[in-house]
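# Per-entry structural report
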Amino acid sequence: MAEQIEVLRYVVGPVCTNCYLMVNTKKKELIIVDPGGDAERLTEAIEQTGAKPAAILLTHGHFDHAMEAGQLKERYGIRIYAHEAEQETLENPALNLSGMVGKQESYHADVFVRDHEVLQLAGCSIEVLHTPGHTVGGCCYYIADEKILFSGDTLFQESIGRTDFPKGSASDLIRSIREQLMDLPDDVEVFTGHEGCTHIGYERIHNPFI
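A few points on the structure. (Residues numbered from 1 in each chain as written. Predicted model: local features only at pLDDT ≥ 70, side-chain atom pairs only at ≥ 80, totals over all residues. Heavy atoms only, no water.)

### With respect to the nonpolar core
Counting 28 residues, the largest nonpolar core has Tyr10, Leu21, Leu30, Ile32, Ile56, Leu58 and Leu90 as the members making the most contacts within it. Elements with a minimum of two residues in this core: β1 (5-12), β2 (17-24), β3 (29-33), α1 (39-49), α2 (63-66), α3 (69-76) and β5 (79-83). Contact partners of Ile32, with chain neighbours within four places excluded, come to Cys19, Tyr20, Leu21, Ile46, Pro53, Ala55, Ile56, Leu57, Leu72 and Ile78. Counting residues in each nonpolar core, the second largest holds 23 residues, with Ile31, Cys139, Tyr141 and Ile143 among its members. (Core = buried A, V, L, I, M, F, W, Y, C linked by side-chain atoms within 4.5 Å. Buried < 20%, exposed > 50% of the residue type's maximum accessible area, 1.4 Å probe, protein only. Helix = DSSP H or I, 4+ residues; strand = E, 2+ residues; numbered from the N terminus. Contact = heavy atoms within 4.5 Å.)

Here it is in C-alpha cells:
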C-alpha cells in the first residue's frame, strides 16, 4: 500500500459492521465507506485525521452499512454513491432490513454508479465492481493503484455474504465473486464488511465457497 493512503477501520452499529475511512494523507482528503452506525464517533475519528471528507461510498443498502450516511452527508456537504441497481434496496425498509433494529427507514444516494465505472475521488481512481447476490445492487470498490478492495458483504475471510435476505441469490453471489474478484491480483487486500480483512490470493486458495 502506498504510504500516502491509510485505511482506518471502525466497528460500528448493532451488528458490528466495518466502516472504513480511506485517507489520502498527502492530499488531506478521505472517503467514508459504509457508515452503518455511530455517526458521532465517526465524526470524531474524521476530525482527528485532519483530512476533508470527499464522498461516502456504499457497498449496498442494508441498514447496517447505510444508516448514518445521510447524517454524515449533511454534516460535510458531500455526496453518497451507490450502484444503480441498489436504489430500491436503499429506499425500501422491507429490503434494507431496518426493521431488524425496530425502525422503518429509507436511505438515499446522490450518485448511482455503474459496473466498471471509475470514480476520481480523494486523489484515487476507484473502480466499481457490481457483485450482486447479497443484494441486487451490491458492489465492491477497487483501487488498483493501492491494491485495495472494499468488499462489503460480498466476500469475507473464508466465507461469503448471506443470501437468505429478500432478493438474495447464492448462485449470483458466487458467480459475482468468481467473475469480478478472483481475477484480481493475489496481493490485493480485501477490507470486508464484517470481521477481519483478507487477501484475494488467500481466498482463492482457502475460501470453500469458490
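### Focus on the pairing of β2
Within β2, eight of the eight residues are buried, which leaves the element mostly enclosed by the surrounding structure. Side chains of β2 alternate between two faces, with Thr17, Cys19, Leu21 and Val23 and Asn18, Tyr20, Met22 and Asn24 buried alike. Strand direction decides the pairing type here: β1 and β2, joined by eight bridges, are antiparallel. The residue bridging Val7 from the neighbouring strand is Met22, located in β2. Hairpin connection from β1 to β2: four residues lie between these consecutive antiparallel strands, with Gly13 at a positive phi of about 75°. Here β2 runs beside β3; their pairing, made up of five bridges, is antiparallel. Residue pairing for β3: Tyr20 is matched across the bridge by Val33. (Pairing = 2+ DSSP bridges.)

### A few points about the packing of aromatic side chains
Here the structure, examined in full by the defined rule, presents three aromatic pairs. Judged by centre distance (5.4 Å) and plane angle (75°), the rings of Tyr20 and Phe191 are edge-to-face. Taken together, the residues Tyr20 in strand β2 and Phe191 in strand β13 (residues 189-192) connect sequence positions 171 residues apart. Across the pair, Phe191 and Tyr20 agree in class, each one buried. A network of ring pairs unites the aromatic residues Tyr20, Phe150 and Phe191 as a single cluster. (Phe/Tyr/Trp six-rings, centres within 6.5 Å; stacked < 30°, edge-to-face > 60°.)

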